[in-house]
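Analysis of the macromolecular model
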Amino acid sequence: MNTDSTIDLARLSAMDVALASRLLKGVRDATLSGHRPRVRPRPVIGESWGRMLRDGVDPERDVRLGLLSVDEVEERRRTSPLLPVLPVLREALGAVAEAAQHIMVVSDADGRILWREGHPAVLRRGDRLGFEVGAHWAEHVVGTNGIGTPLVTRRPVQVFSAEHFVESHHPWTCTGAPVTDPRDGRLLGVVDVSGPLETMHPATLSWVTSVAQLAEARLREQHVGSLERLRAVAAPVLARIGGRALAVDAHGWPAAVTGMPLPDRVALPRSVAEGCVWIPSLGACTMTALPGGWLVLVDGAPQPLAVTRIVLDLGRARRPVLEVSGAAAEWTHELSPRHAELLFLLTLYPGGRSASGLAEDLFGDPGRTVTVRAEMSRIRRYLGGLLAHRPYRFLEDTEVEVRLPDDPLDLLPHSTAPAVAGERARGL
């Protein structure tokens, strides 16, 4: 490889395992000692190493937090949103992983291992490494790895040998992909395939990614089924109502409606209770519990909240939140990664930003305006009249505050948008 080139995973997999491992070890050692390596680590790995150095993770010492008790593991399993798709993961990954001398691991969104199965010999090696049920494999605990790093980046990651930050993990290759809730974009956990480094293959990344997407598709099918059941319950109730009303599930997805067009999704307050609430796209509403959701009675014409303040809270890397407050009500909405990116970019342009400008900021391609317009349309559904367009901007009389993380490099760490990456670098 040429000096100043970046390591390519496909080329690594074609190399002799020992040679590839030595190359990566040299890159890691040079990076950790503050020297310029002969070849650069892959960006996803280099960025992870930077986070580990800032978090104070020891690259030479295997640090393990306490295992969850059997009862704690069983409780997390019982309540895990990944439990319904566990058969899908087992069928698509488990048997093949065992035959290939790998193990399949499923973690929750905290990085706690809840399920683990596969080749018996590899399971025993995992035990010696602390890669066992109940263990905490978040990135800030055990360094760069196939569970913790996808939880931060929110995209599939393969970690080979000395790309692991902690030295004791170097005999392993790990490939993990995040699984998100198709209803609200919430991160549910990671599915990972791990094994001895000599079994590493670049196709594993595509394989694990496809299985994670299959699990999300199955969750989407289950969501459609739950909406159909809610619709069956709500239809006779709505038939007796003369005004505007709709039935939505706990995530705001509509199942049935009367007296108004069917909305795409309703942004519910974070905590919903029976009684009067203010919903940005509908105004004042009365909520009544239904089996599997809520009956929403719209009390009047939609009225914008007299806003005094909008807070975009990006201080918690994995949970960006939008807070809206005014004289009449307060409202909080947890943001998807894409919506967090777009709203952050708008705070950089008080005078507004065009669709092509946002496309260039997000993708480096001003022609990708269709995607931008679609996402901005979804944002405006829950922000109501608080966000103008042509160009896109917050209303002039709205006070907007952005809460940034203490470390600039923790700003939307999942984001690969050129403009966000530029802001991370500018904050150093």
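In case you missed it, the structure is sitting above this.
Residues numbered from 1 in each chain as written. Predicted model: local features only at pLDDT ≥ 70, side-chain atom pairs only at ≥ 80, totals over all residues. Heavy atoms only, no water.

1. Focus: the overall build of the protein chain
Each helix and strand in the protein chain was counted, giving 13 helices and 16 strands. Compactness check: the protein chain gives a C-alpha radius of gyration of 24 Å against a globular reference of 22 Å for 428 residues, within 12% of the reference. Taken over the C-alpha atoms alone, the protein chain extends approximately 75 × 45 × 35 Å along its principal axes. A total of 428 residues make up the protein chain; the buried ones form 48% of that total. For the protein chain, long-range pairs separated by at least 24 residues make up 55% of all intrachain contacts whose partners lie at least 6 apart in sequence. Put simply, the protein chain shows about 19,100 Å² of open surface, and 52% of that area lies on carbon and sulfur atoms. Positive and negative charge centroids in the protein chain, built from 49 and 51 side chains respectively, lie 3 Å apart. (Helix = DSSP H or I, 4+ residues; strand = E, 2+ residues; numbered from the N terminus. Rg over C-alpha atoms; globule rule 2.2 N^0.38 Å. Buried < 20%, exposed > 50% of the residue type's maximum accessible area, 1.4 Å probe, protein only. Contact = heavy atoms within 4.5 Å. Areas by Shrake-Rupley, 256 points an atom, 1.4 Å probe, with all protein chains shown as cover. Lys, Arg positive; Asp, Glu negative; His and termini not counted. Charge placed at Lys NZ, Arg CZ, Asp CG, Glu CD.)

2. Digging into the sheet that holds strand β1 (residues 103-108)
The strands that make up a sheet are held in pairs by hydrogen bonds between backbone atoms, and each pair lies either parallel or antiparallel. Taken together, the 5 strands give an open sheet; going across it, the order is β2-β1-β5-β4-β3, and neighbouring strands pair in antiparallel fashion. A strand with exactly one partner marks an edge of an open sheet, and here the two such strands are β2 (113-118) and β3 (157-160). The average undirected angle you get between the axes of adjacent strands in this sheet is 15°. In the packing of helix α6 (residues 120-129) onto the sheet, the strands contacted are β1, β2, β4 (172-180) and β5 (187-196), and the crossing angle to β2 comes to about 145°. Contacting β3, β4 and β5, helix α9 (residues 203-238) crosses the sheet at an angle of about 25° to β4. (Pairing = 2+ DSSP bridges. Axes fitted to C-alpha atoms, helices over the stretch in contact; angles between N-to-C directions.)

3. Remarks on the environment of Arg316
Relative to the helices and strands, Arg316 resides in the loop between β11 (307-313) and β12 (321-326). Taking the C-alpha atoms as reference, Arg316 lies 30 Å from Cys276; in sequence the two are 40 residues apart.

4. Quick notes on the packing of aromatic side chains
Counting across every chain of the model gives 2 aromatic pairs. In this structure an aromatic cluster arises from ring pairing among Phe131, Trp137 and Trp172. Over the ring of Tyr349 we find Arg353, and its NZ or CZ is 4.3 Å from the ring centre. The ring centre of Phe363 lies 3.7 Å from the NZ or CZ of Arg368, which sits over that ring. (Phe/Tyr/Trp six-rings, centres within 6.5 Å; stacked < 30°, edge-to-face > 60°. Lys NZ or Arg CZ within 6 Å of the ring centre and 35° of its normal.)

5. Observations concerning the pattern of salt bridges
Applying the stated criterion across every chain yields a total of 28 salt bridges. Notably, a salt bridge pairs Arg186 with Asp184, separated by 3.8 Å at the nearest N-O pair. For Asp313, the salt bridge identified is with Arg403, shortest N-O distance 3.8 Å. Pair noted here: Asp313 is in strand β11 and Arg403 is in strand β16 (residues 400-403), with a separation of 90 residues, a long-range link. Residue classification places Arg403 among the partly exposed residues on the basis of a relative accessible area of 29%. (Salt bridge = Lys/Arg side-chain N within 4 Å of Asp/Glu carboxyl O.)

6. Some points on the nonpolar core
Core analysis: the biggest nonpolar cluster contains 31 residues, and Leu322, Leu343, Met376, Tyr382 and Leu383 have the highest contact counts within it. Mapped by element, the contributors of at least two residues to this core are β11, β12, α10 (337-347), α11 (355-363) and α12 (369-383). Among the elements that take part in this core, α10 stands out by supplying 6 residues, more than any other. Dropping the residues within four chain positions of it, Tyr382 is found in contact with Ala267, Pro280, Leu322, Trp331, His333, Leu335, His339 and Leu343. (Core = buried A, V, L, I, M, F, W, Y, C linked by side-chain atoms within 4.5 Å.)

7. Things to note about the side chain of Ser48
Tracing the chain through its elements places Ser48 in helix α3 (residues 43-55). The residues contacting Ser48, other than those within four sequence positions of it, are Glu139, Thr144 and Thr149.

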